[in-house]
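Notes for the structure review
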Amino acid sequence: MPATLPSAARERPAAPGGVPAHIAIIMDGNGRWAGARGLPRIAGHRAGAQAVRRTIEAAISHRVGWLTLYAFSSENWRRPAGEVTDLTGLLRHYLKSEVAELARNGVRLRVIGERGRFAEDIQALLREAERLTAGNLRLNLTVALSYGARDEIVAAARRAAEAAQQGRLDPASLDEAAFAGLLATTGMPDPDLIIRTSGERRLSNFLLWQAAYAEFVFMDVLWPDFSPEHFGQALDEYARRERRFGARPA
Ligand code: FPP
């Protein structure tokens, strides 16, 4: 958790040039981190939650405006029941213990994904966290929970089809911007940089639409070991990339 910052929660100085406005992270390797130490997987997830705190702090200090974390995929429900209980228990604990601090530090929390699949008390904590932090501008933190990009895209297509059927949408007017407005990420900028830890090089059903022009940085570090130095290395790597969005160089 970041130490309480001195200035008002609503202030967000612009990031210096070359710093991505939006970073999304696939936090991978908790289980391997625990296994390498002979510890149960939950120990890796707990250490992963500490890395989440450090990463929020690093994002704030680098003036990154948007940070999106893949915390629980829609496929994660298929893990052994004990691990699902441990992960949802950790989420409950995190929400109870951290949200006031996030609010004080100017972090606005949003959740994307099928939150209705979580226990009612967790849904209530998520609603309360979003309400409590809604006025903050320093860092927009989005946590993807029970999230799957294909589900998200299908849901958006269904909404468009229903609107067309009911005469509220002219299919000819459905362009990229209108479709993006039907996604869970409506109103958010697309990620400029996607980081995945643990050496895996996959997108794993994360932000498929939004990642169209993102830069990818794959790092060999396991998520619980992810530090502000790793965050800085990813920013340095991003700053070296030349982004053309499909256009030819000038
Ligand atoms: C991937 O490691 C990580 C997850 C499935 C869960 C991510 C959760 C956290 C970082 C902690 C909790 C976060 C919050 C916001 C409370 P893995 O288990 O797939 O690792 P492995 O690939 O080494 O088995």
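Not measured: the values here are computed from a predicted model.

Let us now look at the environment of Phe72. By the element assignment, Phe72 lies in strand β2 (residues 66-73). Judged by its relative accessible area of 4%, Phe72 is buried. Through-space distance from the C-alpha of Phe72 to that of Arg104 is 25 Å; in sequence the pair is 32 residues apart. With sequence-adjacent residues up to four places away left out, Phe72 is seen in contact with Trp77, Val84, Leu87, Phe118, Ala144, Leu145, Ser146 and Tyr147.

Here β2 lies mainly inside the structure; seven of its eight residues are buried. Sheet analysis places strand β1 (residues 22-26) next to β2, joined by five bridges and oriented parallel. The partner of Ile25 across the bridge, within β2, is Leu69. Where β2 meets strand β4 (residues 139-147), seven bridges bridge the pair, whose relative direction is parallel.

Next up on the list: helix α4 (residues 120-133). For α4, with 14 residues, the first-to-last C-alpha span of 20 Å sits near the 20 Å given by 1.5 Å per residue. Those residues of α4 that are buried lie in contact with α3 (81-104), β3 (107-112) and β4.

This part is about the pattern of salt bridges. With the rule as written, the count across this model stands at 16 salt bridges. Linking Glu114 and Arg117 is a salt bridge whose minimum nitrogen-to-oxygen distance equals 3.9 Å. Residue Arg117 is classed as partly exposed on the basis of its relative accessible area of 45%. Within this structure, Asp28, Arg32, Arg196, Glu200 and Arg202 form a network of salt bridges that share partners.

How each quantity is defined
- Residues numbered from 1 in each chain as written.
- Predicted model: local features only at pLDDT ≥ 70, side-chain atom pairs only at ≥ 80, totals over all residues.
- Heavy atoms only, no water.
- Helix = DSSP H or I, 4+ residues; strand = E, 2+ residues; numbered from the N terminus.
- Buried < 20%, exposed > 50% of the residue type's maximum accessible area, 1.4 Å probe, protein only.
- Contact = heavy atoms within 4.5 Å.
- Pairing = 2+ DSSP bridges.
- Expected span 1.5 Å × (residues − 1).
- Salt bridge = Lys/Arg side-chain N within 4 Å of Asp/Glu carboxyl O.

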